[in-house]
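Coordinate analysis (summary)
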Amino acid sequence: MAVFPDLGTNPETPMPVTSTRKMVRSESEAGYIRTRARSVRSFKKYTVKYTNLDRATFDVLLTFLEESAGESFSWLNPLTQAYEIVIHDSETIPHTYTHGATRVDCTFDLTQV
């Protein structure tokens, strides 16, 4: 299993964390809506934001996220200092070049699996 690269810096805090519970929803012909939990545990989604990364460090991050697209990997959660199995499940990696294109700010989501 792949391991998230050590970028030499931690993401910004506070780091937004969203807990979700996957639900199954079904509608009856009479118009009733029934929902139930898809699994017994909830999942967390972390919004990770790095600012002022140098271009070389950002290239390492971008390459890793592109190569691990759709695959789970081990990530050291900077809030708990524990490893978690996560996935980057977005098709985009928004980023902004700053300081004359020598520095990069980026934000992306990691979801527990």
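Above this note sits the structure.
The text that follows walks through the structure, step by step, so that each part is easy to find. Values in this document were obtained by computation on a predicted structure and should not be read as measured data.

**Some details on the pairing of strand S9 (residues 103–112)**
Bridging between strand S5 (residues 43–54) and S9 involves eight bridges; their strand directions are antiparallel. In the sheet register, Leu53 faces S9, and the bridge partner there is Val104. When strand S8 (residues 95–98) meets S9, the two strands line up antiparallel, connected through four bridges. Paired with Thr98 across the bridge in S9 is Arg103. Where S8 hands over to S9, the hairpin turn is made up of four residues, of which His99 adopts a positive phi near 50 degrees.

**A closer look at the packing of aromatic side chains**
What the rule picks out here adds up to seven aromatic pairs. Measuring from ring centre to ring centre gives 6.4 Å for Phe4 and Phe108, while their planes differ by 35 degrees; the resulting arrangement is tilted. A residue pair is termed long-range when its members are at least 10 positions apart, and Phe4 in the loop between strand S1 (2–3) and strand S2 (17–20) and Phe108 in strand S9 qualify at 104 residues. The burial state of Phe4 is the same as that of Phe108; both residues are buried.

Rules used in this analysis
Residues numbered from 1 in each chain as written. Predicted model: local features only at pLDDT ≥ 70, side-chain atom pairs only at ≥ 80, totals over all residues. Heavy atoms only, no water. Pairing = 2+ DSSP bridges. Helix = DSSP H or I, 4+ residues; strand = E, 2+ residues; numbered from the N terminus. Phe/Tyr/Trp six-rings, centres within 6.5 Å; stacked < 30°, edge-to-face > 60°. Buried < 20%, exposed > 50% of the residue type's maximum accessible area, 1.4 Å probe, protein only.

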